[in-house]
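In case you want the letters, here they are:
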Amino acid sequence: MTSPSTPHIDPKDAPIADVVLMPGDPLRAKFIAETYLEDAVCFNQVRNMLGFTGTYRGREVSVMGSGMGIPSISLYSHELIHTFGVKTLVRVGSCGGMQEGVGLYDIVIGQSASTDSNYLSQFGIPGTYAPTGSYRLIERAVAAARDGGHRVHVGNVLSSDIFYNADESALQRWMRMGVLAVEMESAGLYANAAAAGVEALGVFTVSDDLVTGTHTTPEERQTAFTAMMEVALATVTA
Ligand code: HPA
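Small disclaimer: the values here were computed from a predicted structure and weren't measured.

Caption draft 1: Broad picture of the overall build of the chain. The number of helices and strands found in the chain is six helices and ten strands. Relative to its length of 238 residues, the chain is compact, with a C-alpha radius of gyration of 17 Å against a globular reference of 18 Å. Judged by the C-alpha coordinates and their principal axes, the chain covers about 55 × 40 × 30 Å. Considering the chain as a whole, with its 238 residues, one finds that 53% of them fall into the buried category.

Caption draft 2: Looking closely at the packing of aromatic side chains. On inspection of all chains with the given rule, the structure shows three aromatic pairs. Look at Tyr119 and Phe123: their rings are 6.3 Å apart centre to centre, the planes differ by 70 degrees, and that puts the pair in the edge-to-face class. On the accessibility criterion, Phe123 (31% relative accessible area) is partly exposed. Centre to centre, the rings of Phe163 and Tyr164 are 4.8 Å apart; their planes meet at 75 degrees, and the pair counts as edge-to-face. Taking the relative accessible area as the measure of exposure, Tyr164 reaches 74% and is therefore exposed. The cationic tip of Arg28 hangs over the ring face of Phe225; the distance from NZ or CZ to the ring centre is 3.9 Å.

Caption draft 3: Here's a closer look at the packing of helix H1 (residues 26-36) against helix H6 (residues 218-237). Relative orientation of the contacting elements H1 and H6 amounts to 70 degrees, with a least axis distance of 12 Å. Judged on the interaxial angle alone, H6 and H1 are roughly perpendicular. Here H1 and H6 pass one another in a crossing that is right-handed. For the pair H1 and H6, contact is made by Arg28, Phe31, Ile32 and Tyr36 and by Gln222, Phe225, Thr226, Met229 and Leu233, respectively. Taken together, the residues of the contact of H1 with H6 sort by class into six nonpolar, two polar and one charged.

What counts and what doesn't
Residues numbered from 1 in each chain as written. Predicted model: local features only at pLDDT ≥ 70, side-chain atom pairs only at ≥ 80, totals over all residues. Heavy atoms only, no water. Helix = DSSP H or I, 4+ residues; strand = E, 2+ residues; numbered from the N terminus. Rg over C-alpha atoms; globule rule 2.2 N^0.38 Å. Buried < 20%, exposed > 50% of the residue type's maximum accessible area, 1.4 Å probe, protein only. Phe/Tyr/Trp six-rings, centres within 6.5 Å; stacked < 30°, edge-to-face > 60°. Lys NZ or Arg CZ within 6 Å of the ring centre and 35° of its normal. Axes fitted to C-alpha atoms, helices over the stretch in contact; angles between N-to-C directions. Parallel < 35°, antiparallel > 145°, perpendicular 65-115°, else oblique. Left-handed = near helix turned anticlockwise from the far one by under 90°. Contact = heavy atoms within 4.5 Å. Nonpolar A, V, L, I, M, F, W, Y, C, P; charged D, E, K, R; others polar.

As structure tokens, this is what we get:
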């Protein structure tokens, strides 16, 4: 029997695990597979949105690029969940820190994901829905971060559709509401997971400090990336 395919994922009989890590950049997915997974095989090349499946400490794990923004991660996560039976999706990526004390290279765990996107309107909720990360995964991620001695913050992140905002004060209003950091995907991922009854989480490293206007260097980013990956892998294999 040939495996199913979708408009964006064509595994050609390669396996997809029920746990998928999702970095934004497909070449990051390749790097993660080569660095952390054993016996990794490629399961997707459509649009170069590379996906791989291998094992980590004996557990089958997949890693696939999500692309940037809610539309991109939403379509990939929808297909992974609804066509390929994925039950656990963990976004790994960078974010911009928005509070004093959320410093460069810290780890942020998205307890919830506020958004300026209209993506959630499709669900017809009579009010404002709060997309939320899986508490089971949050607990594991926090434990892994503490075990690794990493600085970790857990709270509300902003999944914004807008990287270059014409309204320069928009981020400040989110900051005043205590939002920890900004990225561009998790609200779509969390909403899709909730609608399907599966679990999702976003684990981030702070690459830009929007309070002080400082940014990480490429070399230092690699160290922070390693810490985030250790947390994410421990979270999905605990
Ligand atoms: N904005 C949105 N996403 C991000 C940022 C940012 O400043 N930094 C890293 N991801």
